[in-house]
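Chains, contacts and geometry: an overview
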Amino acid sequence: MSIINYANKEISFKIVYYGAGVVGKTANLQYIHRCLPNENRGNLISLATGDERTLFFDFLPVSALSVKNFTAKFQLYTVPGQVYYNMTRKLVLRGVDGIVFVADSQWDRQHDNVESFRNLCENLGEYDYNLDETPYVIQYNKRDLPNAAPVPYLEFLLNRRARRVPVFEAVAVDGTGVFDTLNTVSRMVLLSGFAQEQGARHENA
Amino acid sequence: MKMHDVAIHEDAALQIHEVLMHFLGESGAVDALLIDRSGQLLARGGPDRALDTVSLSALAAGAFSSTAAMARLLGEPEFTMLFHEGIRENIHVTAVDEHAILLATFDERTTVGMVRLFAKDASRAIGAVLAGSRQRPHRIDELAGPLTIAPGQPMFRERSA
C-alpha cells in the first residue's frame, strides 16, 4: 500500500522481511543500517527479547533515489520468526507492498522454511492479499555454512509457483547479497505500484 | 488484492494541517501525528522540535494494532483509545477511521481528558478529509504517466568503506 504525499513530495512503501526464526532477517536490516549513508537511513528500532530474538518487529526507514521529483521512501520491517508469534507476524503484514522471504540454507531448517512460507501465504490471505500479486523475492541465507543445501533443492522447495521470483544467495552477517536483495525488491515494489495504477500489472524484475 | 493506496493531495494536506493545529490549540497538546495503520506518517502538526516521528509512527501503529488484537480476544471490536503516561510527557492515540490513527503528545499543561475530548472532534474532521481523498485519482501531475527506472540503476548504494 503506497502512500503518496504531494505536499512533501514523497512516496512511501512498506517492505517486510519474512521467514522462520533465526534465519537472518534482523541481520539483513542491521547490515543495511550499518552500510547505508546516514542521509539515506533513519534509526533502527528493534523490539527484541532479552536473548536478542525479535519479539514484535525490527524497523528501519530508508530513502532511495528520487522519482519524478518525489523521494522514494521504504520502511523495512522484520517479523518474529518463532511459530508462537503468529499474531504479531500478521499485524506487521498490514499494508505490505513487498516481501523478502529469507530462507535458511541449512539442510535441517528446510521444514521450517516451508512451514514459514505456507504461513506467509495464510497470513496474507487474512488481509485478502495474494502472494501471486505481491512483489517478492527469496533470499537463501547462510550460504557460507558447510551444511547448506544446494540452491536447486531450495528452489524446488520454495520457488516453484507459477511465477518464479528472483532469488539471491546471501551471507547476511557479512553483507553478501543483502543490497542485491534490497535493490531488487524495492525496484519491483516501485514499478509494480505504478503499473497497477496504469491497469497493466506485470513483472518488473 | 485489496490494497488501499493513499494519496494526500496538497489541498487535503493543508486541510489536515489546519485541523491538527486547531486540535493542538484547543487541547493544549504539543504534537499531533496522523498515522496510517500500516505505520507510515501521513501528516504532522506542532512545533519544530527534534522528534523521531517516523519511528514513533511505526511503534504507535504497532502498539495500536496489538491492542486491537487484544480487544478482539475479549470480544470487543477495538479499543478506541491508547494512553501512555510518562514523567514529563504522555502519549494519547485514538482511532480516526479503519485506516488511520491520531497520536498526540502532551505534558502537564493539559489533561488526558482535554486531549481525548478534542481528539474525537479532530478525528471526525480528518476522517472526512481522508474519505474525500480516497475518491480522487491517486496519481496526478508528474506522477500520472508511466514510471521508468534505468536498468542497472541501483535504488540504494552501500557506503564505501
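Given the structure is predicted, the values throughout are model-derived calculations rather than measurements.

Residue and element names in this part refer to chain B. Taken together, five strands build an open sheet; the order of strands is E3-E2-E6-E5-E4 and the sheet is antiparallel. Edge positions in the sheet fall to strand E3 (41-45) and strand E4 (81-85), since each of these pairs with one other strand and no more. Pairs of neighbouring strands in the sheet enclose a mean axial angle of 15°, with direction left out of account. Note: strand E2 (residues 31-36) against E3, four bridges, orientation antiparallel. In the strand pairing of E3, Leu-34 is matched with Ala-43. The strands touched by helix H1 (residues 10-27) are E2, E3 and strand E6 (100-106); relative to E3, the strand with the most contacts, the crossing angle is about 50°. The strands that helix H2 (residues 53-73) touches are E2, E3, E4, strand E5 (90-95) and E6; relative to E2, the one it contacts most, it runs at about 65°.

Moving on, we get to a nonpolar patch on the surface. A surface patch of nonpolar side chains, about 320 Å² in accessible area, is lined by Trp-107, Tyr-153 and Phe-156 of chain A. Of note, Phe-156 of chain A is situated in helix H4 (residues 151-158).

Now for the layout of surface pockets. Over the atoms a probe the size of a water molecule is rolled, and this reveals where empty space is left. Roughly 540 Å³ of volume is contained in the largest pocket. Around the largest pocket, the lining is made up of 25 residues, and of these Asn-8, Glu-10 and Lys-73 of chain A together with Leu-41 and Val-54 of chain B lie nearest the centre. Mapped onto the lining of the largest pocket, the elements with two or more residues apiece are strand E1 (3-5), strand E2 (10-18), strand E4 (54-67) and strand E5 (70-78) of chain A together with H1 and E3 of chain B. When residues of the lining of the largest pocket are assigned to their parent elements, the largest contribution, four residues, is made by E3 of chain B. Looking at the lining of the largest pocket, its residues break down into eleven nonpolar, nine polar and five charged.

Calculation notes
Residues numbered from 1 in each chain as written. Chains lettered and ligands numbered in written order. Predicted model: local features only at pLDDT ≥ 70, side-chain atom pairs only at ≥ 80, totals over all residues. Heavy atoms only, no water. Pairing = 2+ DSSP bridges. Helix = DSSP H or I, 4+ residues; strand = E, 2+ residues; numbered from the N terminus. Axes fitted to C-alpha atoms, helices over the stretch in contact; angles between N-to-C directions. Contact = heavy atoms within 4.5 Å. Patch = residues over 30% accessible without salt bridge, like charges linked within 9 Å, V, L, I, M, F, W, Y side chains within 5 Å. Areas by Shrake-Rupley, 256 points an atom, 1.4 Å probe, with all protein chains shown as cover. Salt bridge = Lys/Arg side-chain N within 4 Å of Asp/Glu carboxyl O. 1 Å grid on protein atoms, 1.4 Å probe; cavity = no way out; pocket = protein on both sides within 12 Å on 5 of 7 lines; lining within 4 Å. Points joined across faces, edges and corners; volume = space filled by probe spheres on them. Nonpolar A, V, L, I, M, F, W, Y, C, P; charged D, E, K, R; others polar.

Shape is all these values report; function is a separate question.
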